[in-house]
2 protein chains.
Amino acid sequence: MGITIKKIASDLSLAVSTVSKALGDSHEISEETKKRVLAYVKKLNYVPNASASSLKKRKTGNIAVVVPEVADSYFSTAINGIESVAQVKGYHVIIYITHEDQVKEQSILQQFKSGRVDGVLMSASSGKKITTHVRELIASKVPLVFFDRACEDIEAAKVLTNDFESGYRATALLIKKGCNAIAFLKMSENLYIIQQRLKGYQKALQDHGVKMEKEYIVSCTGHDLKNHSLIKKLLSREGRPQGIVGSTEKLTTLSYTVCNELGLKIPGDIKVVGFSSMGIASLLNPSLTTITQPAFEMGKAAATILFKILNGNKADQKAAEKIVIPSTLYERASTG
Amino acid sequence: MGITIKKIASDLSLAVSTVSKALGDSHEISEETKKRVLAYVKKLNYVPNASASSLKKRKTGNIAVVVPEVADSYFSTAINGIESVAQVKGYHVIIYITHEDQVKEQSILQQFKSGRVDGVLMSASSGKKITTHVRELIASKVPLVFFDRACEDIEAAKVLTNDFESGYRATALLIKKGCNAIAFLKMSENLYIIQQRLKGYQKALQDHGVKMEKEYIVSCTGHDLKNHSLIKKLLSREGRPQGIVGSTEKLTTLSYTVCNELGLKIPGDIKVVGFSSMGIASLLNPSLTTITQPAFEMGKAAATILFKILNGNKADQKAAEKIVIPSTLYERASTG
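Here is what the cut-offs are and how they apply
- Residues numbered from 1 in each chain as written.
- Chains lettered and ligands numbered in written order.
- Predicted model: local features only at pLDDT ≥ 70, side-chain atom pairs only at ≥ 80, totals over all residues.
- Buried ≥ 20, exposed ≤ 12 C-beta atoms within 10 Å, placed from the backbone.
- Helix = DSSP H or I, 4+ residues; strand = E, 2+ residues; numbered from the N terminus.
- Pairing = 2+ DSSP bridges.
- Right-handed = clockwise from strand over helix to strand, strands pointing away.
- pLDDT = per-residue confidence, 0-100.
- Contact = placed C-beta atoms within 7 Å.
- Expected span 1.5 Å × (residues − 1).
- Axes fitted to C-alpha atoms, helices over the stretch in contact; angles between N-to-C directions.

Visitor: So what exactly am I meant to see when it comes to the pairing of strand 6 (residues 182-187) of chain B here?
Guide: Sheet faces and side chains relate simply in a regular strand, where the side chains alternate between the two faces. All names here are of chain B. Among the six residues of strand 6, six are classified as buried, and the element is accordingly described as predominantly covered. Burial along strand 6 is two-sided: the face carrying Ile 182, Phe 184 and Lys 186 and the face carrying Ala 183, Leu 185 and Met 187 are both buried. The pairing of strand 6 with strand 7 (residues 217-220) spans four bridges and is parallel. The partner of Leu 185 across the bridge, within strand 7, is Val 218. Considered for its hand, the β-α-β crossover made up of strand 6, helix 9 (residues 192-207) and strand 7 is right-handed.

Dropping the structure here:
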């Protein structure tokens, strides 16, 4: 293309290394200089060759977001939070979906080791508790920040919400509303955040003297059809629960569907509270009581930490190792 | 890493070029051989260096999906359709969000010119009708297939749905249900698919002798807050419409919110039909009549065309230039 970093440096009366570092968003360069270089580069329509430049500089201008799915309000909103930060930094956000498939997750992370992205924001899939691929990625010096679904035994920065407390509050609300038999719809044995929500549920039952029944804790999977029949079985049995805590959005809306099919009235026959960041929770029939996670803020916080690490600000990396942003309980008609 | 294509070829008693082509998913190589090579490569844990290998082979193993947003059931479902094809081909799908911002879209496409991905599946943002960046990408020999939101004046493969007919059917249903004044909530002047939906609406009004009023065609934007006040204004005026056609999911659910705020009953005071692939349309209060686009199938079809092009099957590229998969009208309670 004829345009080189050398030419840009000469045109702007800067050192070649300064331009290079500015393009790499190094913390050694002032924001003002970065802006000046980026504006000029944009004016020239200069595109560094992706392959060539990443070989030399190990700098791609991309950060990866690895999520189990995007058809879920939590993840789609968290991604928007991440983009709000990356946009300002001039980075592209590229999104990879694991579909809760650990083999796919491994293969995606494998790719990153060969320098496709500068850093990774990840919400783990719900498969088996294998974390070798995550450890290998971190060992290969690709910065990684977890958000929401972290591998709890891996040392990396984490942005979480208060899952234990939220599970507790959701359950305590159902008890307060008169439920004596409360089910918990669980996704995956191995996700730390679901374990925490479940522990909160159990503690609330215990504190309020409500009997804990094993059959009320339903282990769901990644398959909607199977979950549908599990929930149907739960709600069809004698002595069915009077309240449901849905630990994910899909399991919660599935409960609505099953109640409709069985002619069970919410909240009259059964009360429902679910973890969801869905904007239209209030438009459901009946409007859904939710534990709403601070999805946008969590995405934003995770991206902010990642860029601090990318800028070589290691003090920040340690200080910010674990951020917890609390969720909010919104009481609506589904809990009566 | 010590493992090279040469070693793999020697171990499997294949020519180096065969292994290279198999890894590149070339149509010259049999599926059986590809499977054999991929299985062996997986066993060895071999990662071709992204930068080095893409420089030589112009092959990244990635396809890009460029969409306006993921917080919309159409796009999240279409992405799943795309992944269902890419998964089989051993490709990674990487997702870029434009947030309806043409400058961002330009910058993303600019990136692709320097060889980051092997091909692009795109649903255009709703900004101004500038298509230079798309033309430039195609000129730089990166294969591109449009799905849903195509630039109608660009020669490229396109997977569409029957937007004109769907707009017509949605409007005709409202007329059949007794609406004499029907509003159309429009997103962007410049999107071909919205224009088609609008034309269908206009034709249905005309065919049924229903008066067309300019003020009933509301030009919405990418900003929820602004759209909210536009819809509120529409529904607060004297002689407010008796029916609404929402041309996107967000505009439709926003109509529900505004009706709730104004105390308007759906479908008693106003009937609503919206374009949406939302799985929970039937759970809304009242359940929402939808034009449901074949999102998964459209994504799948678009990806299938792209892989045909990537395999050098140019005959297919021409034959498949425009695929139209029809949408379905689901009548529910919101149209009474």
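Visitor: What is the right way to look at the confidence of the model for chain A in this model?
Guide: As a note on interpretation, predicted positions should not be read in detail where pLDDT is low. Taken over all residues, the pLDDT of chain A has a mean of 88, while the share at 70 or more is 91%. The model gives residues 48-58 of chain A a pLDDT under 50, and that stretch makes 22 contacts with residues more than four places away or in other chains.

Visitor: Would you explain helix 8 (residues 163-176) of chain B in this entry?
Guide: Along an α-helix, residues three or four positions apart point the same way, because every turn accommodates 3.6 residues. Residue and element names in this part refer to chain B. For helix 8, built from 14 residues, the straight-helix expectation of 20 Å at 1.5 Å per residue is met to within 8% by its first-to-last C-alpha distance of 20 Å. Looking at helix 8, one finds that the buried residues are Asp 163, Ser 166, Gly 167, Tyr 168, Ala 170, Thr 171, Leu 173 and Leu 174. Residue Gly 178 follows helix 8 closely and has a positive phi angle near 100 degrees.

Visitor: Even after reading the chapter, I still don't get the sheet that holds strand 7 (residues 217-220) of chain A, so can you show me in this structure?
Guide: Residue and element names in this part refer to chain A. Reading across from one edge, 7-6-8-9-10-12 is the order of the six strands in this open sheet, with mixed pairing throughout. Strands at the two margins of the open sheet, each flanked by one partner only, are strand 7 and strand 12 (328-330). On average, each strand axis in the sheet is inclined to that of its neighbour by 15 degrees, with strand direction left out of account. With four bridges joining them, strand 6 (residues 182-187) and strand 8 (residues 243-246) adopt parallel strand pairing. Bridge pairing links Leu 185 to Gly 246 in strand 8. Here helix 11 (residues 249-262) sits on the sheet and contacts strand 6, strand 7, strand 8 and strand 9 (271-275); the angle it forms with strand 9, its principal contact strand, is near 160 degrees.

Visitor: I'm lost on the sheet that holds strand 7 of chain B in this one. Help?
Guide: Backbone hydrogen bonds hold the strands of a sheet together, and the pairing may be parallel or antiparallel. Residues and elements named next belong to chain B. An order of 7-6-8-9-10-12 is seen for the six strands of this open sheet, with the pairing classed as mixed. Strand pairing shows two members of the sheet lacking a second neighbour, strand 7 and strand 12 (328-330), which therefore form its edges. Taking the axes of each pair of neighbouring strands and ignoring which way they run, one obtains an average angle of 15 degrees across the sheet. Helix-sheet contacts for helix 10 (residues 224-236) involve strand 6 and strand 7, and the interaxial angle to strand 7 is about 165 degrees.

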